[in-house]
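# Observations on the three-dimensional arrangement
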Amino acid sequence: MAFSDLISPQAADHLATFGPGQEGKAARLNYDVPLPGAHSWDRVVGALVPADWYVDGARRVGKSLLDLGVVTGDEGRPVSVDRAKLTQLYRRMLPTTARPSLRLVAEVGGVVEPLLSQEGRALQAERSQRDPLARRAIVAEPDDVDLQRIRTTSFLECLAERESAVSPERGTAEIVLPLPGLGQSVRSVPVDPVAQAVPRLALVETWELRSFSGDYGLGRTLQTFSLLPGERTTITMQTWRTEAATRDDATSIFDSSDTAAQSRFTTSVANQTGSAHQDQGGWATSVSTRASGGVNFGLVHAEFEAQAGFAANHQEASQRFSTSVSEAASEHASQVDNSRRQSIASTSQTNTASGTVTTVVRELSNTNLRRVLNFVFRELNQTYRTEVVLKDIKVAFYNGRQGSAETVPLPDLGRLLRRYTKPNHQEAAARFILALCAERVGADGDITSTLQMRTNPQGITYQWSPATLNSDGTLHFDGDPLASDVRWRFAPVGRGGEEARGVVMDRDTVVLRTDNLVVEALLGQADALDLYASALQALDLLDRESQTRAP
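Residues numbered from 1 in each chain as written. Predicted model: local features only at pLDDT ≥ 70, side-chain atom pairs only at ≥ 80, totals over all residues. Heavy atoms only, no water.

## Observations regarding the pairing of strand S17 (residues 486–490)
Rules: Note on classification: 1.4 Å probe, protein chains only; a residue is buried when its accessible area is under 20% of the maximum for its type, exposed when over 50%, partly exposed between these limits. Helix and strand assignments come from DSSP, with helices taken as H or I runs of at least 4 residues and strands as E runs of at least 2, each series counted from the N terminus. Strands are treated as partners if at least two bridges between them are detected by DSSP.
Burial along S17 is one-sided: the face carrying Val486, Trp488 and Phe490 is buried and the face carrying Arg487 and Arg489 is not. Strand direction decides the pairing type here: strand S15 (residues 451–455) and S17, joined by five bridges, are antiparallel. Considered in S17, the bridge of Met453 is made with Trp488.

Structure, rendered in structure tokens:
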């Protein structure tokens, strides 16, 4: 091979393919695949119907906190709170996978660092007997099951101790319930423990925030320094991942699944969307891990009445909600960027740090003999394309009593209404709820049908057609929507030739700092040698060249 071929880079004609070749479809790189960190939550929208539409037993479904013995007193005035039973209620309401953030644990005085507690030291001693590398537990991550159990238990006990201190002189008091938040995080919701039961119907809309990797770009300049010809130096680089507290604040939902990031985004979405806190407690008390039907982060919004333009008002409210979620994502990214700090400094010695602090030490040298070498360190930023997607719509009933929430998909709407509403009002309630589900305005500004119906099945086969609305916003359907031969469902939306659930309601772009750096080495323009030294170097090059040509 010629010398020129060795020093000249050659571009590949084709990307590498994987698979059997002609016999099967080879794998390929697809940059439109969502990141694994897609997060979903539920938005609860009340469908306000008259109180006399419900059956008499709708108020008695579930158990109140008075019936469970968590509080004592009368409806409207608590007297005392039983700490032990409140702790048991907390354990029933939280799934086993829920993990409170470190700041949430610290707020109630729980055990933030289990290894420093008495129980944690006992656990460490037990590990040291069976594991010669038990020292590694000192820097254990929060995902450690044993440590997370200690932290969660202390959080629930300390929260129950704080909330059980209710004085009779305070009158109507609120207590805080820990509920599942986004992902595996935990959020706190204040509720009235002695509120009266009020039957409600609601839409449970499942929303998702999807992230896609975007372009990289250079950020701000962190450090610049110059090396003289033949000079050497040692530099240290530190990022936000070197300290536990800073690392928690710097995590984001776009590039990680950390519970601290999920907790902060949960709070940001709740504040940005303006959820109705007066109704939040009723839904929070009604839902339990046993009867929730998969409901997680429920944001309760204002109820809609069956009045003129109610369907259009709900479509507009859905648009505002999706825009608010995008704004919350941008605000979350800004908060994360403010906590992401990197530093680069030249040093003549190396310091060894303990714990979780990690410092990268590198040595640089200028091998040029005539020019100064300038180093420029810049942050590497990455863009993420985000989509706010409406994935599914379900229907729920709840009344504010523990375990009363029942959530069903749209095909089971008739069963839910027949159980909780009177027969002469079931059709009107169904038309009202289905009209709220019928249409949405997507991210492109087009009206998309999110509801499909079918009548007269042939066996188990249905030919689905989009549901439409009349000019006044009511459901365009002749006949009984709850008849045995009528089916309703959330419409699958075609994407790329395949059916996929979800209507894209909003698109946006956020920029995040990464923990990587880009270093540029710029050779100085000025020559550091005089004419005599330059002539000596030229003679040396001529001598080397003549030796190369010699046989």
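## Topic: the side chain of Gln426
Operational definition: Within 3.5 Å is the distance limit for a polar contact, defined as a pair of N or O atoms, with the added protein rule that one can donate a hydrogen and the other accept it, and that residues adjacent in sequence qualify only through two side-chain atoms. It only takes one pair of heavy atoms within 4.5 Å for two residues to be counted as in contact.
Mapped onto the secondary structure, Gln426 falls in helix H11 (residues 426–437). We classify Gln426 as buried; its relative accessible area is 11%. Reaching out from Gln426, the side chain makes a polar contact with the backbone oxygen of Thr421 at a distance of 3.2 Å. Setting aside its immediate chain neighbours within four residues, Gln426 contacts Leu417, Arg418, Thr421 and Leu482.

## Notes on the side chain of Glu208
Relative to the elements of secondary structure, Glu208 occurs in strand S6 (residues 200–227). Engagement of the side chain of Glu208 in a polar contact is seen with the side chain of Arg210, the distance being 2.6 Å.

## Observations concerning the nonpolar core
This is how it is decided: Residues belong to a common nonpolar core when they are buried Ala, Val, Leu, Ile, Met, Phe, Trp, Tyr or Cys residues joined through side-chain atoms within 4.5 Å.
The biggest cluster of nonpolar side chains holds 56 residues, and the ones touching the most others in it are Leu201, Ile433 and Trp488. No other element matches the eight residues that H11 contributes to this core. Ignoring sequence-local partners within four residues, the contact set of Leu201 consists of Gly46, Ala47, Val49, Tyr54, Ala396, Phe397, Leu416, Leu417, Thr421 and Ile433. Formed by 27 residues, the second largest nonpolar core is a distinct cluster that contains Leu86, Leu89, Tyr90 and Val189.

## Quick notes on the pairing of strand S1 (residues 39–48)
Where a strand is regular, its side chains alternate between the two sheet faces. In terms of burial, S1 is a largely internal element, eight of the ten residues being buried. Two elements, S1 and S6, share nine bridges in a ladder whose sense is antiparallel. Along S6, the bridge assignment pairs Asp42 with Thr206.

## Things to note about the packing of aromatic side chains
Formally: Classification of ring pairs uses Phe, Tyr and Trp, with its six-membered ring standing for Trp, and accepts pairs whose centres are within 6.5 Å; under 30 degrees between planes counts as stacked, over 60 as edge-to-face, and the remaining range as tilted.
Applying the stated criterion across every chain, the model contains five aromatic pairs. With a centroid separation of 3.8 Å and 10 degrees between ring planes, the pair formed by Phe397 and Tyr420 is classed as stacked. You can see Phe397 sitting in strand S11 (residues 373–398) and its partner Tyr420 sitting in helix H10 (residues 413–420), a full 23 residues away along the chain. Judged by its relative accessible area of 3%, Tyr420 falls in the buried class. With a centroid separation of 5.4 Å and 70 degrees between ring planes, the pair formed by Phe477 and Trp488 is classed as edge-to-face. Of the two residues, Phe477 is situated in the loop between strand S16 (465–466) and S17 and Trp488 in strand S17; the sequence distance between them amounts to eleven residues. Side by side, Phe477 and Trp488 carry an identical accessibility label, which is buried.

## Structural notes on helix H2 (residues 83–93)
Since the α-helix advances by 3.6 residues per turn, residues separated by three or four positions end up pointing in the same direction. Our working definition: Read the arc as the range of directions from the helix axis to the C-beta atoms.
Along H2, the positions that sit buried rather than exposed are Leu86, Thr87, Leu89, Tyr90 and Met93. For H2, the buried positions fall inside an angular range of 160 degrees around the axis, keeping them on one side. By the N-cap criterion, in which a side-chain oxygen at the helix start approaches the backbone nitrogen of a residue two or three places on, H2 is capped by Asp82, the distance to Ala84 being 3.0 Å.

## Examining the pattern of salt bridges
Basically, it comes down to this: Within this document, salt bridges are pairs made up of a side-chain nitrogen of Lys or Arg and a carboxyl oxygen of Asp or Glu, the two lying within 4 Å of each other.
Applying the stated criterion to the full structure yields 18 salt bridges. In this structure, Glu205 engages Arg43 in a salt bridge whose closest nitrogen and oxygen atoms are separated by 3.0 Å. Separated by 162 residues along the polypeptide, Glu205 in strand S6 and Arg43 in strand S1 bring together distant segments of the chain. Here the two residues Glu205 and Arg43 agree in accessibility, since each one is buried. Put simply, Glu163 and Arg162 hold a salt bridge, and the shortest N to O gap is 3.0 Å. Within the structure, one salt-bridge network assembled from shared partners comprises Glu406, Asp412, Arg415 and Arg419.

## Observations regarding the confidence of the model for the protein
Put simply, the test is: Per residue, pLDDT captures the predictor's confidence, and it can take any value from 0 to 100.
Residues at a pLDDT of 70 or more form 68% of the protein, whose mean pLDDT is 75. Across the protein, the secondary-structure element scoring lowest on mean pLDDT is strand S19 (residues 498–500), at 51, and the one scoring highest is H10, at 92. Low confidence marks residues 132–142, where pLDDT is under 50. Its contacts with residues over four positions away, or in another chain, come to 15 contacts.

## What about the packing of H2 against helix H5 (residues 145–163)?
Put simply, the rule reads: Geometry is summarised by axes, namely lines fitted to C-alpha atoms with helices restricted to the contacting stretch, and by angles between N-to-C directions that run from 0 to 180 degrees. Orientation labels follow simple angle bins: below 35 degrees gives roughly parallel, above 145 gives roughly antiparallel, 65 to 115 gives roughly perpendicular, and whatever is left gives oblique. Crossing chirality is assigned from the near helix's rotation relative to the far helix, an anticlockwise turn below a right angle marking it left-handed and a clockwise turn marking it right-handed. The nonpolar class holds Ala, Val, Leu, Ile, Met, Phe, Trp, Tyr, Cys and Pro. Asp, Glu, Lys and Arg form the charged class, and all remaining residues, Gly among them, are polar.
Contact geometry of H2 with H5 gives a least axis separation of 9 Å together with a crossing angle of 135 degrees. Taken together, the axes of H2 and H5 lie oblique to each other. In the crossing of H2 with H5, the sense of the turn from one axis to the other is right-handed. Only Thr153, Leu156, Glu157, Leu159, Ala160, Glu161 and Glu163 of H5 make contact with H2, whose side of the interface consists of Arg83, Leu86, Thr87, Tyr90 and Arg91. For the contact of H2 with H5, the class distribution of residues is five nonpolar, two polar and five charged.

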